[in-house]
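An overview of the molecular structure
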Amino acid sequence: MRIFIDGINVFLKKGTSFQYVVENRLFTGSNNYTMSITFPMKDCWENENAFFFINRMDGNKSKMTYNCEIIDINFAKSGTLVVTHINEKEIKGQFLEGRAEQNYNASFDKIYINEMQLGYAPNVTKGAVNVTTAWNWYPYVNWVAIPWVNNSSGLLHNATVLNNGNPVWEDSSDLTFQPYLIYILKKICSNLGYTGDFHEIENSKYKYLLILNTLPPAWKVYNFGAVLPHWSLSQFFEEIENLLEGEFIINHKAKLITFSFTQPLLSRLSEVEIETVIDSYSIEVSMEEQSKYLGRKNVKFAEGDNPKWAYESCQWFINENASSALVFNTFAELQNWAGGYLTSGYERTVNNRGGVVERYWSGGYDSRTQSQGNKLLYCKEIDTYFVMYNYMSTFLKTVDHSSVFGTGGTTNFYLHYYKLKPVNRFGERFADRDAEELELKIIPAWIDETDSAHGPCVFLECGEMGSAEVNIDSDGNVTSTSSGTSIGGGRRSSGMSRAYVSSDSEDDESIAHSTAAKAIMRGENKKSDAYFDVIYVGFWDGSQRRWDGLLPRPTTDYIDIEGVSSLRRNSLSLRLNRTGNASAPADYLHKIDGKKKFTFSFFANDIPNPMAVFCIKGKRYLCEKITATFTENGRSQLLKGTFYLIDE
């Protein structure tokens, strides 16, 4: 075995050994590293030269990491050696390679994505951009002007109307654009001076994933980076990995960032059959969940600001009511059934003597008849649960209690209108009640109804105005800088609204103070320097463009309900759980008993890939890690592995 430090052959301390560990990143988030390696320094000029006499008092201790290569028969690894201990006689270090080396390098922990300059649309005036161009798609454009509602103000931005059958801009306010994720990734690499290899994303549906975080045009915030959360670059990459189910390999020395999906990577791995298991075997049983395997985690989306998110993620309700749900084989069957439940609150019948009998109720479907409209519904064809959702109620009449209940007073009755509403589309991927929870902070956009003229649209809760510019009229008064189409006050959910400073204040930011003076007036910012704490996304491949007067909106799921019961099918979805004709995410993950950890010792000529499935004495296992021992004479063929039995 030979070890090279910055290209210089170095030597291990006589009689010592070190352990080399390969981990399955689906368990640990890391992969290849060693435990402590000891290098003699006294009377070993090769080592002293390689490490710049770091052991001497007058040696250079500013450098504590070195390029390192470990080479043996059928084994060659290149990474970084991190010095962990120094004295006159020897130094100790740890070798890191791949993901372990990447995790050690903290340079991306100090870079925040909302502080990066990630580009902007050069033309935001509607006179310079026509609707067709603004609604183009990747790779023809890097950003899109999707219509959206600022829920804080109730204003609709990027709205269109039909003119001779063609959509045109509804008003003259500036456009706001939303960038594609793939563009942001490339822009980050460009800013860092790194090369990005994202061909797997570009060959997948995720090339159409659009980041929908945006701000009103009056705020004059053009930089795409400014509307992202205050995440470090490391966290940003980690969040993308969690959503896309893949891995970024970041080679800081080569300045190369590569992304790979996990599923195709694992599909290329053959099962490893261990034939030479020796007697060294043990099993550790725990009363608590111990495995960190991704397949044993409950994965769910963060909530964001969507006030109707409870409908989108309600796995608890499905668990409690699925057994009593009304089941339909096809959506056509469900649609036909729903036709009889589109209204409630009024009943008009003819008795056997020809008289008209009227009956009223105000609390939705008549509970006295155990109406089926109150039930959870399930459609097998599209693997989706539904409920009948009351979207509108109109006053019917006032009824005298004496004629209905035999008591005094009156009661107002209403006619209630319903539509089919899909539920739990973005529910969690549930593994076990006691499992760890993984919360995704890149989440499906909030899409909601606006009005009958515009239809459903993306909603965003923008919060306070922040760094927006404030307009002053001729009398010196602060005027609203909002621009866009009002949809009747909007759908205020959490009550956040934009606040304008008073113009008669000496510290009014509209006065032409210097930037430094303004910063001091505002005081120290105790909050996160970000407009949003999550990233809202949806797919945009151009097929969502509309020519019927309604606004286009991104796709978040492979089914949508238009009107009250019409099905719209899409080819793209952000579901964590889906079957049928939509490719299921995480179908490469296996079920294991995380409380039983098996340890086997075995002989092997090579160190197997721990991400493969292992066949050991007729049973299939997932590997958490494998440990090999190296001495100055090379690697021992005896390996030790930690495994979990796959539930067949």
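Please refer to the structure placed before this passage.
What you see is a predicted model; the values in this text were computed from it and never measured.

Some thoughts on the packing of helix H5 (residues 181-192) against helix H7 (residues 233-244)
Taken N-terminus to C-terminus, the directions of H5 and H7 make an angle of 150 degrees; their axes are 13 Å apart at the nearest point. As the angle between them shows, H5 and H7 are arranged roughly antiparallel. By crossing handedness, the relation of H5 to H7 is classed as left-handed. Mapping the contact onto sequence places Leu-181, Ile-184, Leu-185, Ile-188 and Leu-192 in H5 and Leu-233, Phe-236, Phe-237 and Ile-240 in H7. In terms of residue class, the contact of H5 with H7 is made up of 9 nonpolar, no polar and no charged.

A short note on the sheet that holds strand E36 (residues 535-539)
Here 3 strands make up an open sheet; going across it, the order is E16-E36-E30 and the pairing mixed. Both outer strands of the open sheet, strand E16 (209-211) and strand E30 (442-444), are each paired with one neighbouring strand and no more. Taking the axes of each pair of neighbouring strands and ignoring which way they run, one obtains an average angle of 40 degrees across the sheet. Two strands pair when backbone bridges link them, and E30 and E36 are joined in this way by 3 bridges, in the parallel orientation. Bridging from a neighbouring strand, Ile-442 pairs with Ile-535 of E36.

Section: the sheet that holds strand E15 (residues 195-197)
Reading across the sheet, the 3 strands line up as E15-E18-E17 and stay open at both edges, with mixed pairing between neighbours. Unpaired on one side and paired on the other, E15 and strand E17 (246-251) mark the two borders of the sheet. In this sheet, adjacent strand axes meet at a mean angle of 15 degrees when their direction is disregarded. Summarising the sheet, E17 and strand E18 (residues 256-261) pair through 6 bridges and their orientation is antiparallel. Its bridge partner being in E18, Glu-247 is matched across the sheet by Ser-260. Each of E17 and E18 is contacted by H7, which is oriented at about 150 degrees to E17, the strand it contacts most.

Observations concerning empty space enclosed by the protein
This structure, assessed with the given rule, holds 3 cavities of 30 Å³ or more. Forming the walls of the largest cavity are 17 residues, and the residues nearest its centre are Thr-176, Phe-177, Thr-214, Val-221 and Tyr-222.

Notes on unusual backbone geometry
Cis geometry is found at the peptide bond from Tyr-138 to Pro-139, where omega equals 15 degrees. Take Pro-139: it is sitting in the loop between helix H4 (131-134) and strand E9 (143-144). One non-glycine residue, Asn-158, adopts positive backbone phi at about 60 degrees. Its relative accessible area of 1% is what places Asn-158 among the buried residues. For Asp-383, which is not glycine, the phi torsion reads 50 degrees and is therefore positive. Inspection of the secondary structure assignment puts Asp-383 in the loop between strand E26 (377-379) and strand E27 (384-400).

Some remarks on the pattern of salt bridges
Tallied over the full model, the rule gives 25 salt bridges. The residue Lys-441 makes a salt bridge to Glu-439 at a minimum N-O spacing of 3.5 Å. The class of Glu-439 is partly exposed, set by a relative accessible area of 31%. Across the pair Arg-546 and Glu-562 runs a salt bridge whose closest N-O atoms are separated by 2.9 Å. With Arg-546 in the loop between E36 and strand E37 (559-562) and Glu-562 in strand E37, the pair connects residues that are 16 residues apart, well separated along the chain. Through salt bridges with shared partners, a single network forms among Glu-312, Arg-425, Asp-557, Asp-560 and Arg-575.

A short note on the packing of aromatic side chains
Evaluated as defined, the whole model comprises 47 aromatic pairs. Centroid distance Trp-143 to Phe-224: 5.5 Å. Interplanar angle 45 degrees. Geometry classified as tilted. Taken together, the residues span a long stretch of sequence, with Trp-143 in strand E9 and Phe-224 in the loop between E16 and H7 at a distance of 81 residues. Here the two residues Trp-143 and Phe-224 agree in accessibility, since each one is buried. Both rings, one in Trp-316 and one in Phe-317, keep their centres 5.6 Å apart while their planes meet at 80 degrees; by these two values the pair is edge-to-face. With relative accessibility at 54%, the residue Trp-316 sits in the exposed group. Judged by its relative accessible area of 27%, Phe-317 is partly exposed. One aromatic cluster is present, formed by Phe-108, Tyr-194, Phe-198, Tyr-206, Phe-236, Phe-237, Phe-248, Phe-259, Phe-261 and Phe-539 through successive ring pairs. Sitting over the face of the ring of Tyr-389, Lys-421 holds its NZ or CZ atom 5.1 Å from the ring centroid.

Criteria and cut-off values
Residues numbered from 1 in each chain as written. Predicted model: local features only at pLDDT ≥ 70, side-chain atom pairs only at ≥ 80, totals over all residues. Heavy atoms only, no water. Axes fitted to C-alpha atoms, helices over the stretch in contact; angles between N-to-C directions. Helix = DSSP H or I, 4+ residues; strand = E, 2+ residues; numbered from the N terminus. Parallel < 35°, antiparallel > 145°, perpendicular 65-115°, else oblique. Left-handed = near helix turned anticlockwise from the far one by under 90°. Contact = heavy atoms within 4.5 Å. Nonpolar A, V, L, I, M, F, W, Y, C, P; charged D, E, K, R; others polar. Pairing = 2+ DSSP bridges. 1 Å grid on protein atoms, 1.4 Å probe; cavity = no way out; pocket = protein on both sides within 12 Å on 5 of 7 lines; lining within 4 Å. Points joined across faces, edges and corners; volume = space filled by probe spheres on them. Buried < 20%, exposed > 50% of the residue type's maximum accessible area, 1.4 Å probe, protein only. Salt bridge = Lys/Arg side-chain N within 4 Å of Asp/Glu carboxyl O. Phe/Tyr/Trp six-rings, centres within 6.5 Å; stacked < 30°, edge-to-face > 60°. Lys NZ or Arg CZ within 6 Å of the ring centre and 35° of its normal.

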